[in-house]
Every structure is written in C-alpha cells, then in structure tokens.
Amino acid sequence: MIYDDEVFFENYQKLRLNDTGLNGKMEEPCIRQLIGDVSGLRVLDIGSGFGHQAVWLKNNHAVEVVALDPSDNMIEYLKKNHHDIGIEFVHGYYEDQTFKNRFDLILSSMALHYVENLELFFLKCFRDLNDGGQLIFSMEHPVCTANPEGYSEDKNGKYWRLNNYFNEGERTQKWFVEGVRKNHRKLSTILNLLISCGFKIKKIEEPHPLDKDYSENEKKDDCFWVRPSIVVIKVEKLR
Ligand SMILES: C[S@@+](CC[C@H](N)C(=O)[O-])C[C@H]1O[C@@H](n2cnc3c(N)ncnc32)[C@H](O)[C@@H]1O
C-alpha cells in the first residue's frame with residue numbers, strides 16, 4: 001500500500017492538504033455538482049483519504065457517512081482529526097467488507113485507478129446500493145493512465161503521449177517515489193463494465209480548469225489544461 005510509504009505519504013499529504021490544483025479547481029467542484037443534495041442520505045466514501053468528501057457529506061447533512069480506506073496512515077489521520085463529527089471509519093479494502101445495510105450513495109474520489117479488479121468492485125457497489133441508489137466516482141483519465149510519465153517536448157511545448165492506450169493493465173510510475181502502481185483501462189472498458197453490472201449511466205464529465213484560473217503561459221502546455229486529467233462518472237442502480 002503506497003499510501004503507507006513514509007516518503008510518499010509525507011509528500012502526498014503536503015500536496016493534498018495545500019491543494020488548489022487538480023482537486024480544488026477541477027475534481028471537487030465537478031463531483032459535488034453531480035452529487036447534489038445529500039441531506040438524509042446514507043453514504044459510503046471509498047478511498048476517503050484525509051476525509052475531504054466525508055467531512056463535506058457530514059456537514060451537508062448526510063445522515064450516515066462511512067469513510068473507508070485501506071491505508072493505516074489515512075485511517076490514523078481521520079481518527080485523529082475527524083473523530084468528533086459522527087463519521088464511521090472502516091480500515092480495509094472495500095472488496096473485503098460486508099455491510100449490514102445498503103447505501104443511497106457510494107462515492108469514490110480519485111481511488112479507482114488503484115483497484116485491480118474493477119468488475120468485482122462495481123458488482124459489489126451494485127449489491128451495496130439501494131434501488132435507485134447512485135455510484136459517483138472520479139479517477140485518473142485513461143488518457144493519463146495509458147502513459148503516466150509520457151510527454152515529449154520541443155521548443156513549442158509539451159506533447160502528451162497516447163501510445164499503449166489499447167494495452168490495458170498495470171502501470172508503474174515515479175510519483176514522489178519510484179514504483180507507484182496504477183491500473184490502466186480504456187474508457188470503453190470502464191463504461192462497459194458499469195453497463196454489464198446493471199448500472200444506468202447518468203453523466204460523464206471530463207473536468208478542466210477554468211479560464212480565469214490559468215495564465216496564458218500555463219495554457220501552452222500545462223498538463224491539466226491541454227489534455228483531460230480526470231474522468232467523473234455518475235451511474236444509477238435502476239429501481
Ligand atoms: C488520491 S487519494 C484520494 C483521497 C480522497 N478520496 C481525496 O479525494 O482526497 C487515493 C486514496 O485511495 C486509497 N486507495 C488506494 N488503493 C485503494 C484501493 N484498492 N481501494 C480503495 N482505496 C484505495 C488510498 O489509500 C488513498 O487514500
């Protein structure tokens with residue numbers, strides 16, 4: 001579990017807790033708009049990290065919030081910093097859990113590119129949702145996972161590679177430390193898995209930064225500006 005590597009965690013914590021980039025400007029606004037009103041809902045947040053979504057859900061009157069994360073460091077952080085607002089913490093992998101009751105909403109923010117068996121994961125989400133319940137998740141865009149470190153550069157700027165897009169499977173990259181493992185799938189694979197598990201697709205978004213947040217210089221070749229970094233998907237378990 002890379003989030004329990006000391007060097008990785010220290011760097012990731014600095015990035016996430018001071019973040020105004022990928023999460024703050026693109027991912028959170030997009031996912032929260034798709035979530036809408038959560039008052040009265042029973043919600044599971046998978047890969048909850050430092051609790052940004054779980055705390056927001058609780059503050060916005062979700063009646064029950066379960067925050068699940070497989071990382072020791074993340075669960076320790078949550079218990080230390082957010083123990084007093086009524087969030088239930090679950091330490092472990094989602095695939096290994098059995099929940100007594102069903103959820104109205106399952107949320108997962110930037111974690112699914114770490115999941116090895118996405119079909120099993122979606123099937124379990126389907127079972128753990130009430131009829132009419134929703135699964136909303138963001139993950140690294142397949143355009144990025146195809147070639148995690150890949151760009152070429154010339155005097156005009158950077159060009160992001162798509163080589164290997166059709167070759168699905170594990171990718172290893174340097175992100176703070178060597179050997180960070182993620183899983184690449186084609187966008188069509190992700191969508192077809194959701195459909196075959198029984199979900200109805202409600203919305204797909206590819207958030208990008210707002211014009212006002214970007215300087216002309218950044219627009220030339222900044223990775224968030226020139227290509228999709230995240231895909232956000234909302235699906236429903238039909239009644
Ligand atoms: C990029 S962080 C995102 C954290 C949080 N959702 C947020 O938006 O700030 C990814 C999180 O997914 C968790 N994670 C890693 N592998 C996972 C897996 N296979 N299943 C569920 N969560 C996982 C990590 O422990 C980490 O907390």
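Just above, that's the structure.
Note that the structure is predicted; figures quoted are calculated from it, not measured. (Residues numbered from 1 in each chain as written. Predicted model: local features only at pLDDT ≥ 70, side-chain atom pairs only at ≥ 80, totals over all residues.)

Draft legend 1. View of the site of the ligand. As a matter of local geometry, the ligand sits amid 21 residues, with Gly47, Gly49, Ser109, Ala111 and Tyr114 nearest to it. Its residues assigned to classes, the shell around the ligand comprises eleven nonpolar, eight polar and two charged. (Near = placed C-beta within 6 Å. Nonpolar A, V, L, I, M, F, W, Y, C, P; charged D, E, K, R; others polar.)

Draft legend 2. Seen up close, the nonpolar core. Ranked by size, the top nonpolar core spans 44 residues in total, and within it Val43, Val65, Leu105, Ile106 and Leu135 carry the most contacts. Every residue in contact with leucine 135, bar those within four places of it in the chain, is listed here: Ile106, Cys125, Leu129, Phe199 and Val235. (Core = buried A, V, L, I, M, F, W, Y, C linked by C-beta atoms within 7 Å. Buried ≥ 20, exposed ≤ 12 C-beta atoms within 10 Å, placed from the backbone. Contact = placed C-beta atoms within 7 Å.)

Draft legend 3. Spatial organisation of the pairing of strand β4 (residues 103-109). Burial of β4 is extensive: six of the seven residues sit out of reach of the surface. Pairing of strand β1 (residues 42-46) with β4 involves four bridges; the strand directions are parallel. The residue of β4 that forms the bridge with leucine 44 is isoleucine 106. Where β4 and strand β5 (residues 129-140) come together, six bridges link them in parallel fashion. By the bridge assignment, phenylalanine 103 is partnered in β5 with leucine 129. Regarding topology, helix α5 (residues 118-128) serves as the crossover connection from β4 to the parallel β5, and that connection is right-handed. (Helix = DSSP H or I, 4+ residues; strand = E, 2+ residues; numbered from the N terminus. Pairing = 2+ DSSP bridges. Right-handed = clockwise from strand over helix to strand, strands pointing away.)

Draft legend 4. Local environment of the pairing of β5. Where burial is concerned, most of β5 is hidden: nine out of the twelve residues are buried. As defined by bridge partners, β5 adjoins strand β11 (residues 230-237) across seven bridges and the pair is classed as antiparallel. Bridge assignment links glutamine 134 to a residue of β11, and that residue is glutamate 236.

Draft legend 5. Representation of the environment of asparagine 23. By secondary structure assignment, the location of asparagine 23 is in helix α2 (residues 22-35). A count of 19 C-beta atoms within 10 Å places asparagine 23 in the partly exposed class. A C-alpha to C-alpha distance of 13 Å links asparagine 23 and phenylalanine 50, two positions 27 residues apart in sequence. In this structure, asparagine 23 is in contact with Arg16 and Glu28, ignoring residues within four places of it in sequence.

Draft legend 6. View of the sheet that holds strand β3 (residues 88-91). Strand order in the open sheet formed by seven strands is β3-β2-β1-β4-β5-β11-β10, with mixed pairing between adjacent strands. At either end of the open sheet lies a strand with only one pairing partner, and these are β3 and β10 (199-205). When the angles between neighbouring strand axes are averaged without regard to direction, this sheet yields 15°. Taken together, the four bridges between strand β2 (residues 64-69) and β3 define a ladder with parallel strand orientation. Its bridge partner being in β3, aspartate 69 is matched across the sheet by histidine 91. Against the sheet, helix α7 (residues 187-196) engages β10 and β11, with an angle of about 145° to β10. (Axes fitted to C-alpha atoms, helices over the stretch in contact; angles between N-to-C directions.)

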